[in-house]
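# Observations on the three-dimensional arrangement
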Amino acid sequence: MPPATESPAADSGLRLVPVLCCLCGVEDVDPVGVGEDFEYRTSRDTFLAIRCRRCGLVFLNPRPADDEAGRIYPDHYHAFDFQPVAFGFVYRVRHRLEARRLLGWCRGLPPDARILDVGCGDGFHLRLLRDCGQPGWTYEGVDSDARAVAGAGKAGIKVHHGKVEELGRSADSYHLVLMIMTIEHLADPVGVLREVRRLLVPGGRVVIVTDNAASPDFRIFGGRHWGGYHFPRHFHLFNRGTLAKLAAAADLNVERIITPFSPVNWVYSIRNWLDDWGAPRLLVNRFSLKSAPALAFFTLFDLPLALLGRGAILRGTFRRPSADAEVAK
Amino acid sequence: MNRSGKPVAIVGAGLAGLTAATMLRRHGILVRVFKAGKYIAGLARSERDADGFTYDFGAHFITNRLAAAVGCSTECRDMPRYGETVWLRGRTYSYPFGLMRSPRFVLSALATKAKALLRRRPPATAADWYRAQYGTKLANDVAIPITEAWSGAPAEELAASVGEKFATSLPRTLMLKAAARITGRTVAIGYCGTLPESPHVWHVYPEGGVGAICERLADEVREDIRTELPVEAILVENDHAVGVRVAGQVIEAAAVISTAPVHVLAKLVRGTDRLAPLARFRYRPMVFVNLRIAGPSGLPDVVNWTPGPDFPFFRLSDIGAGLPWLVPPGMSQVTADIGCQVGDEIWSMADEDLGRLCANKMERIVPKLSARYLGCRVMRTPLAYPVYRSEYEDDRRGFVAGTGVGGLLSVGRNGEFMHILMEDVFWRTRRKVLELIESLGGESS
């Protein structure tokens, strides 16, 4: 990853590369959404989200080449430094909600459990675990962006700079791996998940949280403004079926896939729509991650949908088969 | 890699040929693209003159969706304006709502619909289709004269399928028009039949002409393109395409993809007579007269239909209004489309005479235009529109299902013998090629 620099002239296009469906190995697709980088305006490109006609995976094609990462993740990208100062009340609410969720995933971990957060950003979740988890647990993060690593370092969290494949850890290293809002950013989710499986102890778990491309917000806004597209940074967008297929491709067992509630994609979808159709700035700014009323409203809005299995995000818990099961195989 | 290790031979390097080539390459299949001429881009080619005017074979504006799919969106600009009008008995009607407000047309359409309730039978010809769809008056005054002008055949001799392209849903058109009004974008309506229409899909155009799309696709397969090598024959054995003959040499191929006009394809194929019926299919030749005009053109909208015998042309397109960057500031460029036959009076007329003729006739719509007329550039093509004559309609319907020869695809506007535009060509070609890839066992993993 090159060091952080000023983003280059926004009028030159990104270098884009064509790809096949990472689950089916073919490009048998229908276009579903067309849009721009509404949130950061890192380039003038228009991007196309397509759906595989075989498995239903939604993905970006063509997508930015690997060496464009420095440009599509600008310095002020929100995952790099989600500080309480900037986000205030919303930060405190998120803090409490996430802590409860995280500890739920940690049930059954041994007292000396090792936990890895892949794509940890500024280390938000690791900090929460450090503050609320058991004293014997150890935490590590990995993120491929130097700015994220620096952000986590400020908070005293150990984060490796690079890709999970480059960690250099032996097999069976971790009891729990977190991939929270990470899998959708990856160019090769199958390869990364296979590596995660290798790093897990037999019976160890990986928790994947990602946008749900079968939710009502996707159905309403999927033609262009859906927040989950996060053009052009979300390369792959899953639903229950494709997430299970991804796990199967990495030889992981599905323990559970649920759709928790989340206001974020609703808020961003509406923001993108208003912004794109020229609504007054005052109105557009009502819809952001800093806007407590909007987040509260859409939290309540998405709650019943989540209970019906149609929530805005997906959470899959997958387990590496226990040693016995692997021997039996 | 396909099992045989032989390449797929592609005849033609326009949008369809290059789309096919990239699709095959992405799936790990060898390709060889043969191009008779020196330049790629086929029908999508544009030319720019010393005065800063750009000329196309018709204005091939595309959509933001196609630009994104090909990865050339930053080279494109949004079309600032798009609309159609119909000139009728000295009046301009906006299309379609202006026509729908005329009591004469509305009453006739209602009467036709009422009659259809009593006696419903499928239309036998294009003329029947239009009358059943639009009512007798609108069909006779507008739809049929325009169709006859571009096809060169009486609407009674054309198949009803001519009209199918124009079948639209009124509520959807209203919704899209409203979205266009709100967003200020030229939302594509009736442009693409393969993909759903949407308020989020609008017209754009590459700055340097629409050939930019082909250039971007060609970047992926540059080393596989052989220019100035016309394919002399497509070789078929046991009803399966096995190769092509190029410059006297036989090149074995796992499959052959042709973008040639179908009556040419019929002559290229050796070793089967399955494609013989295609030799009868006809394309309408067309002359495009590009008029250079000082100041604004004075035309009511970007595309203006001129049905009936008053004009030699059936359509006037104000290029500068829709695509201002193709025309120098303070100037206009109007393309007059004239249907003709190869070698007839229009086809053979000197360029300057054609320009004068069009400028003079345009004065009925824009008074004193001739005084501002600066000159013209004329483009002639023997292959502008596929003509769906009833006499070969059964053969045409059979051809839609496939060539009947294993491993031989015919793709593109000319190759499919379909009145389709660029986004349709792109997606239809991809789907057909994908089926071919499966039959070749060429999926990579």
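The model shown is predicted, which means the values in this text are computed figures rather than measured ones. Each chain carries its own residue numbering, running from 1 in the direction its sequence is written. Naming scheme: in the order in which they are written, chains are lettered from A and ligands are numbered from 1. Reporting of local features is limited, given that this is a predicted model, to residues whose pLDDT is at least 70; pairs of side-chain atoms are given and counted only at 80 or more, and all residues count toward the totals for whole chains, interfaces and linings. As a rule here, side-chain values come from all non-hydrogen atoms in the structure, and water together with hydrogens is ignored.

On to the overall build of chain A, then. Working definition: helices are DSSP H or I runs of at least four residues, strands are E runs of at least two. Numbering for both runs from the N terminus. Looking only at helices and strands, chain A features 11 helices and 13 strands. Scaling as 2.2 N^0.38, a compact globule of 329 residues should have a C-alpha radius of gyration of about 20 Å, and chain A matches this with 19 Å. Here the contacts in chain A between residues at least 6 apart in sequence split such that 76% fall between residues at least 24 apart. Areas reported as accessible are Shrake-Rupley estimates using a 1.4 Å probe. Residue values count occlusion only from the protein chains shown. Counting only carbon and sulfur atoms, one obtains 56% of the accessible surface of chain A, whose full area is about 13600 Å². Computing the positive centroid from 41 side-chain charges and the negative centroid from 37, chain A places the two 5 Å apart. Atoms counted for the radius of gyration: C-alpha only. Globule rule: 2.2 Å times residue count to the power 0.38. Here a residue-residue contact requires only that any non-hydrogen atoms of the pair lie within 4.5 Å. His is not counted, nor are the chain ends; Lys and Arg add positive charge and Asp and Glu add negative charge. Every charge is mapped to an atom, namely NZ of Lys, CZ of Arg, CG of Asp or CD of Glu.

Below, the discussion takes up the overall build of chain B. From N to C terminus, chain B includes 16 helices and 21 strands. Relative to the globule expectation of 22 Å for 445 residues, the C-alpha radius of gyration of chain B, 22 Å, shows essentially globular dimensions. Its C-alpha atoms give chain B principal-axis dimensions of roughly 65 × 60 × 45 Å. Note on classification: 1.4 Å probe, protein chains only; a residue is buried when its accessible area is under 20% of the maximum for its type, exposed when over 50%, partly exposed between these limits. Here chain B holds 445 residues, and 58% of them are scored as buried. Look at the contacts in chain B between residues 6 or more apart in sequence, and 71% of them connect residues 24 or more apart. Carbon together with sulfur atoms contributes 53% to the accessible area of chain B, which is approximately 18500 Å² in total. Charged side chains in chain B number 55 positive and 46 negative. The centres of these two groups are separated by 5 Å.

Take the sheet that holds strand β7 (residues 138-143) of chain A next. All names here are of chain A. Whether two strands pair depends on DSSP finding at least two bridges between them. An order of β8-β7-β6-β9-β10-β13-β12 is seen for the seven strands of this open sheet, with the pairing classed as mixed. At either margin of the open sheet sits one strand with a lone partner, and together these are β8 (159-161) and β12 (253-258). Averaged over all adjacent pairs, the angle separating strand axes in this sheet is 20°, with direction ignored. Fitted lines through C-alpha atoms serve as axes, helices being fitted only where they are in contact, and the angles separating the N-to-C directions of these axes extend from 0 to 180 degrees. Contacting β10 (200-211), β12 and β13 (313-319), helix α7 (residues 240-249) crosses the sheet at an angle of about 160° to β12.

Each partner contributes to the interface: chain B provides 28 residues, whereas chain A provides 27 residues. Here, a salt bridge means any Lys or Arg side-chain nitrogen found within 4 Å of an Asp or Glu carboxyl oxygen. Where chain B packs against chain A, one counts five salt bridges. The salt bridge involving A:Asp30 is made with B:Arg431; its shortest N-O contact spans 2.7 Å. Under this definition, polar contacts are N or O atom pairs within 3.5 Å; protein pairs additionally need one hydrogen-donor-capable and one acceptor-capable atom, and for neighbouring residues in sequence, both atoms have to be side-chain atoms. Joining chain B to chain A, the criterion identifies nine residue pairs in polar contact (both at pLDDT 80 or more). Elements with a contribution of two residues or more to the side of chain B that touches chain A: α1 (15-26), α2 (64-70), α8 (170-183) and α16 (422-440) of chain B. With five residues, the single largest contributor to the side of chain B that touches chain A is α16(B). Three classes are used, and their members are as follows: Ala, Val, Leu, Ile, Met, Phe, Trp, Tyr, Cys and Pro are nonpolar, Asp, Glu, Lys and Arg are charged, and the others, Gly among them, are polar. Residues that form the side of chain B that touches chain A fall into these classes: 12 nonpolar, eight polar and eight charged.

A few words now on the state of the cysteines. Residue and element names in this part refer to chain A. Defined by distance alone, a disulfide is two cysteine sulfur atoms within 2.5 Å. One pass over the full model with this rule turns up zero disulfides over all chains. Of all cysteine sulfurs in the structure, the one in Cys 24 sits closest to Cys 52, which takes part in no disulfide; the separation is 3.7 Å. Given the relative accessible area of 2%, Cys 52 is considered buried. Free of any disulfide, Cys 120 has its nearest neighbouring cysteine sulfur in Cys 106, separated by 15 Å.

Residue-level pLDDT values for chain A average 90, and 91% of them are 70 or greater. Note on scores: pLDDT gives the predictor's confidence for each residue, bounded by 0 and 100. In the model, residues 1-10 of chain A has pLDDT below 50 throughout and makes 16 contacts with residues more than four positions away in sequence or in other chains.

This part is about helix α4 (residues 146-154) of chain A. Since the α-helix packs 3.6 residues into each turn, any two residues three or four apart lie on the same face. All names here are of chain A. Within α4, burial applies to Arg 147, Ala 148, Val 149, Gly 151 and Ala 152. Turning to α4, the residues buried within the fold contact α1 (69-72), β7 and β8. One or two residues past the end of α4 sits Gly 156, with phi positive at roughly 75°.

Let us now look at the side chain of B:Asp49. Residue and element names in this part refer to chain B. Looking at where Asp 49 falls in the secondary structure, it is placed in the loop between β3 (46-48) and β4 (54-56). No salt bridge is formed by the buried Asp 49. Its closest oppositely charged neighbour is Arg 292, at 4.1 Å. There is a polar contact of 3.0 Å between the side chain of Asp 49 and the backbone nitrogen of Asp 51. Looking at Asp 49, its side chain comes within polar contact range of the side chain of Tyr 55, at 2.7 Å.

What follows deals with the nonpolar core. Among the buried residues, those of types Ala, Val, Leu, Ile, Met, Phe, Trp, Tyr and Cys that are joined through side-chain atoms within 4.5 Å form a nonpolar core. In terms of nonpolar packing, the biggest core is built from 163 residues, with A:Met179, A:Val206, B:Val8, B:Ile62, B:Ile234 and B:Ile257 touching the most fellow members. Considering every element that reaches this core, the biggest residue donor is α16(B), with nine residues. Among all residues touching A:Met179, those that are not within four sequence positions of it are A:Val118, A:Leu186, A:Val192, A:Leu193, A:Val196, A:Val206, A:Val207, A:Ile208 and A:Val209. The next biggest cluster of nonpolar side chains, apart from the first, holds 34 residues, and it includes A:Trp226, A:Phe231, A:Phe235 and A:Tyr268.

This next bit is on the packing of α1(B) against α16(B). Residues and elements named next belong to chain B. Closest axis-to-axis distance for the α1/α16 pair is 9 Å, and the angle between their directions is 40°. When the axes of α1 and α16 are compared, the pair comes out oblique. By crossing handedness, the relation of α1 to α16 is classed as right-handed. Listed contacts from α16 to Leu 15, Ala 16, Thr 19, Ala 20, Met 23, Leu 24 and Arg 26 of α1 are Met 422, Val 425, Phe 426, Thr 429, Arg 430, Val 433, Leu 434 and Ile 437. An angle below 35 degrees is treated as roughly parallel, one above 145 as roughly antiparallel, one from 65 to 115 as roughly perpendicular, and anything else as oblique. For any helix crossing, the convention is left-handed if the near helix is rotated counterclockwise from the far helix by under a right angle, and right-handed if that rotation is clockwise.

With that settled, consider the pairing of strand β8 (residues 91-95) of chain B. Here is the key point about a regular strand: its side chains alternate between the two faces of the sheet. Residues and elements named next belong to chain B. Relative to β8, strand β7 (residues 84-88) is paired through five bridges, and the arrangement is antiparallel. Bridging from a neighbouring strand, Glu 84 pairs with Tyr 95 of β8. In textbook terms, the turn of a hairpin is the stretch between consecutive antiparallel strands, and for β7 and β8 this stretch comprises two residues, one of which, Arg 89, has a positive phi near 45°.

As for its placement among the helices and strands, B:Ser108 is situated in helix α4 (residues 103-118). Overall, the relative accessible area of 10% leaves B:Ser108 in the buried class.

Now for the pattern of salt bridges. This model, assessed by the stated rule, comprises 51 salt bridges over all chains. Between A:Arg198 and A:Glu195 there is a salt bridge, with the nearest N and O atoms lying 3.0 Å from each other. Residue A:Arg198 and its partner A:Glu195 are both found in helix α5 (residues 189-199); the two are separated by three residues, about one turn of the helix. The exposure class assigned to A:Glu195 is buried, which follows from its relative accessible area of 14%. A salt bridge links B:Glu423 to B:Arg65, with the shortest nitrogen-to-oxygen separation between them at 2.8 Å. Separated by 358 residues along the polypeptide, B:Glu423 in helix α16 and B:Arg65 in helix α2 bring together distant segments of the chain. For the pair B:Glu423 and B:Arg65, a shared accessibility class is recorded, and that class is buried. Connected via shared salt-bridge partners are A:Asp28, A:Asp30, A:Arg53, A:Arg54, B:Arg431 and B:Glu438.

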